[in-house]
Amino acid sequence: MNNYREIIIKNWIKLFLKDKNCLILGCGNGHDCSELEKYCKNIVGVDISSRLIKEAKYNFKNINFIQADAELLPFKNCSFDVVYCKSILHHLNFEKSIIELTRILRIEGILFIAYEPCLLNPFGFIGRKFFPSNIHTPNERPFIPYVFEKKITSNGYKKIYLDYFNLWSIIFPIIGKKLKLKYSLKIMIDISVKLENLIKITPLKNCYLVMAGIFVKRNFHE
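Residues take numbers from 1 onward in each chain, read along the sequence in its written order. With the structure being a predicted model, the display of local features is reserved for residues of pLDDT at least 70 and the display and counting of side-chain atom pairs for 80 or more, all residues being used for whole-chain, interface and lining totals. Side-chain calculation: all heavy atoms of the structure are included, whereas hydrogens and water are not.

**Thoughts on the packing of aromatic side chains**
How two aromatic rings sit relative to each other is set out by the distance from centre to centre and by the angle between their planes.
(1) Moving on: Aromatic pairing here means that ring centres of Phe, Tyr or Trp (its six-membered ring) are within 6.5 Å. Orientation follows from the plane angle: under 30 degrees is stacked, over 60 is edge-to-face, and everything else is tilted. According to the stated counting rule, one finds 11 aromatic pairs in the structure shown.
(2) Moving on: Plain terms: the ring middles of Phe143 and Phe148 are 4.6 Å apart, the flat faces sit at 55 degrees to each other, and that makes the pair tilted. Of the two residues, Phe143 and Phe148, both sit in the buried class.
(3) Moving on: Chaining the aromatic ring pairs together yields one cluster made of Trp12, Phe16, Tyr84, Phe112 and Tyr161.
(4) Moving on: Any Lys NZ or Arg CZ found within 6 Å of a ring centre and within 35 degrees of that ring's normal is scored as a charge over the ring. Above the ring of Tyr115, the side-chain terminus of Arg5 is found at 4.4 Å from the ring centroid.
(5) Moving on: Above the face of the Phe165 ring, Lys200 is positioned so that its terminal group lies 5.0 Å from the ring centre. The cut-offs for exposure are 20% and 50% of the maximum accessible area for each residue type, with area from a 1.4 Å probe on protein chains only; residues under the lower value are buried, those over the upper are exposed, and the others partly exposed.

See the structure below:
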């Protein structure tokens, strides 16, 4: 189900991270580093959890991991070419964190949104409300896509890409598991994803489960 999204993200990584100095915001235990270090010149990972930073240091000896608050980062202005964010911004005070990310990104630097959850997807809402997991936190604030885009661009960024994934196809693996489907499930998912790719050009894009995007920090003189 997520293959299409993963292909898109990997293509963006190849396109925008090659030979770049990259900050991973909310790096966790370093789960994304294996892919990113194939392309980046240098990687720094930050996370507020000391336990996860310890795990990340154990897993990746050649990467610098720092325990830090994403809303008060210990870096100089214009320190990074790319800030890579994967499902982290909705856990933060967005207004404070976007100021910090803008400060540490160089002009024409990349704000790489690997993905963020969207507020208006009915299946996502049901999951958060009635079936919360350890990935959900009490203060998380999923975004409405058009509001998210407006907030970022109003902070001095230009949108390069903003894509949307999983309007309803999130339910098929659940159905397949319950009904013990296999081959027919793959067909259902393939058809569903193709339909979703058509629908995302309509206002229904605001109802998808997750979004991912690439934004460039503008020159102040533009």
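**Some details on the environment of Ser79**
(1) Moving on: Numbering goes from the N terminus for both helices and strands, where a helix is a DSSP run of H or I of at least four residues and a strand is a run of E of at least two. One can find Ser79 in the loop between strand E3 (64-67) and strand E4 (80-86).
(2) Moving on: Between the C-alpha atom of Ser79 and that of Arg103, which follows or precedes it by 24 residues, the distance is 8.6 Å.

**Quick word on the pattern of salt bridges**
(1) Moving on: For this analysis, a salt bridge means a side-chain nitrogen from Lys or Arg found within 4 Å of a carboxyl oxygen belonging to Asp or Glu. In this structure the tally under the stated criterion is 8 salt bridges.
(2) Moving on: Salt-bridge contacts for Glu55 lead to Arg51; the nearest nitrogen and oxygen are separated by 2.9 Å. A residue pair is termed a helical-turn pair when its members lie 3 or 4 positions apart in one helix, as Glu55 and Arg51 do in helix H3 (residues 50-59) at 4 residues.
(3) Moving on: Residue classification places Glu55 among the partly exposed residues on the basis of a relative accessible area of 29%.
(4) Moving on: Overall, the relative accessible area of 52% leaves Arg51 in the exposed class.

**Examining the sheet that holds strand E6 (residues 157-165)**
(1) Moving on: The criterion for strand pairing is that DSSP finds at least two bridges linking the strands in question. Taken in spatial order, the 7 strands line up as E3-E2-E1-E4-E5-E7-E6 in an open sheet, and their pairing is mixed. Edge strands, defined here as strands with exactly one partner in the open sheet, are E3 and E6. Ignoring strand direction, the axes of neighbouring strands in this sheet form an average angle of 15 degrees.
(2) Moving on: Where strand E2 (residues 42-47) meets E3, 4 bridges bridge the pair, whose relative direction is parallel. Bridge assignment links Asp47 to a residue of E3, and that residue is Gln67.
(3) Moving on: Sitting on the sheet, helix H1 (residues 3-16) touches E4, strand E5 (105-117), E6 and strand E7 (210-217), and the angle it makes with E6 is about 155 degrees.
(4) Moving on: By definition, residues are in contact when any of their heavy atoms lie within 4.5 Å. Axis geometry follows a simple rule: fit a line to the C-alpha atoms, using only the stretch in contact for helices, then measure angles between N-to-C directions, giving values from 0 to 180 degrees. Across the sheet, H3 is in contact with E2 and E3; its angle to E3 comes to roughly 170 degrees.

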